[in-house]
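Fold and geometry: a report
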Amino acid sequence: MTNLENELKALIINALELEDVTADDIDTTAPLFGDGLGLDSIDALELGLAIQKRFQVKIDANAADTKSHFASVRALADFIRSQEAVA
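Below: a short report on this structure. (Residues numbered from 1 in each chain as written. Predicted model: local features only at pLDDT ≥ 70, side-chain atom pairs only at ≥ 80, totals over all residues. Heavy atoms only, no water.)

Between helix 1 (residues 3-15) and helix 4 (residues 73-86), whose axes approach to 9 Å, the crossing angle comes to 115°. Viewed along their axes, helix 1 and helix 4 adopt a mutual orientation that is roughly perpendicular. For the crossing formed where helix 1 meets helix 4, the hand is right-handed. Taking contact as the criterion, the partners of Leu4, Glu5, Leu8, Lys9 and Ile12 in helix 1 are, on helix 4, Val73, Arg74, Leu76, Ala77, Ile80 and Arg81. Residues of the contact of helix 1 with helix 4, tallied by class, amount to seven nonpolar, no polar and four charged. (Axes fitted to C-alpha atoms, helices over the stretch in contact; angles between N-to-C directions. Helix = DSSP H or I, 4+ residues; strand = E, 2+ residues; numbered from the N terminus. Parallel < 35°, antiparallel > 145°, perpendicular 65-115°, else oblique. Left-handed = near helix turned anticlockwise from the far one by under 90°. Contact = heavy atoms within 4.5 Å. Nonpolar A, V, L, I, M, F, W, Y, C, P; charged D, E, K, R; others polar.)

The structure is reproduced here in structure tokens:
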């Protein structure tokens, strides 16, 4: 697990005010929505804003691949790394 993945886990917990959840409770490759962490569309909006603010990346909610970026913590980390490489 990378530092970025750990930072994302902490951001998820803090931004969404997840009580009784620790970074160790979040599987890096498990889905964030549905059967995984159980986040919903409101959580997605809040998380997207927190990620944009923290990492200065642009997330286009209407882009076809945006849903795949939010598939897991690892997918989010890969997306952020790809955006940093472009900048």
